[in-house]
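Observations on the model geometry
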Amino acid sequence: PPAPYDFRMAPARRRSYTSQWYGGGAIKPIFFEHKLGAVKLLVDRTHYAPEEIVGIRVYFTPKQNITIDYADVKLVMTETAAKGNGKKSIHHTHIQCHGEEILTGERVLAKGKPFDQSAQLRLPYKAMHSFTSDHNSLTWAIVLTINIHNVPAFQHSVPIHLHNA
């Protein structure tokens, strides 16, 4: 069996990005914090090689009773390429999911009762390594999605770095 993961991380490594759009405007992260509390998405480390397993932990304590349709984590690769320069440059972005783990299906989360789930996602064999250049980039991230009943989905991501074996 695999060794247990140490989910403690230095605060400088805890970077996350939340982006929610609904009706042409941003849904403020404070809206989700009011319902879900502070959502923590942790990975066991930030640098990986192909075929390694990413240990993931998600936890939060809801501030009110809330119905969620599902919660899942995904391994997402984003490739961006630019063609041309200046005003005539064209940017192409390709996003691909390389694995998914369902944390929970539809359920009611009780106010004050912690939600704490762990998951593992394996990086693909022969996966392209992370890189950034002037006109191209390839990035990897673990993306948490919590689909709240009658509300647009909450998303939270943590970047990871994939290097050659």
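Above: the structure in question.
About the criteria used
- Residues numbered from 1 in each chain as written.
- Predicted model: local features only at pLDDT ≥ 70, side-chain atom pairs only at ≥ 80, totals over all residues.
- Heavy atoms only, no water.
- Helix = DSSP H or I, 4+ residues; strand = E, 2+ residues; numbered from the N terminus.
- Buried < 20%, exposed > 50% of the residue type's maximum accessible area, 1.4 Å probe, protein only.
- Contact = heavy atoms within 4.5 Å.
- Areas by Shrake-Rupley, 256 points an atom, 1.4 Å probe, with all protein chains shown as cover.
- Salt bridge = Lys/Arg side-chain N within 4 Å of Asp/Glu carboxyl O.

Let's shift gears to the overall build of the protein chain. Scanning the protein chain from N- to C-terminus turns up one helix and 12 strands. Reading the helices (α) and strands (β) of the protein chain from amino to carboxyl end gives β-β-α-β-β-β-β-β-β-β-β-β-β. Looking at the protein chain residue by residue over its 165 residues, the buried ones come to 36%. Pairs at least 24 apart in sequence give 71% of the contacts found in the protein chain among residues at least 6 apart. Of the roughly 10,000 Å² of accessible surface on the protein chain, 52% is carried by carbon and sulfur atoms.

What follows covers the pattern of salt bridges. Inspection of every chain in the model, using the stated rule, returns four salt bridges. Among the ionic pairs, D44 bridges to R45, the shortest N-O distance being 3.9 Å. Classification of D44 as buried rests on a relative accessible area of 12%. Exposure remark for R45: the relative accessible area of 29% places this residue in the partly exposed category.

Positive phi, close to 70°, is recorded for E51, a residue that is not glycine. With respect to the helices and strands, E51 occurs in the loop between β4 (47-48) and β5 (53-60). For E51, a relative accessible area of 40% puts it in the partly exposed group. With a phi angle near 60°, K126 is a residue other than glycine that sits in the positive phi range. Among the structural elements, K126 can be located in the loop between β9 (115-122) and β10 (131-132). For K126, a relative accessible area of 67% gives the class exposed.

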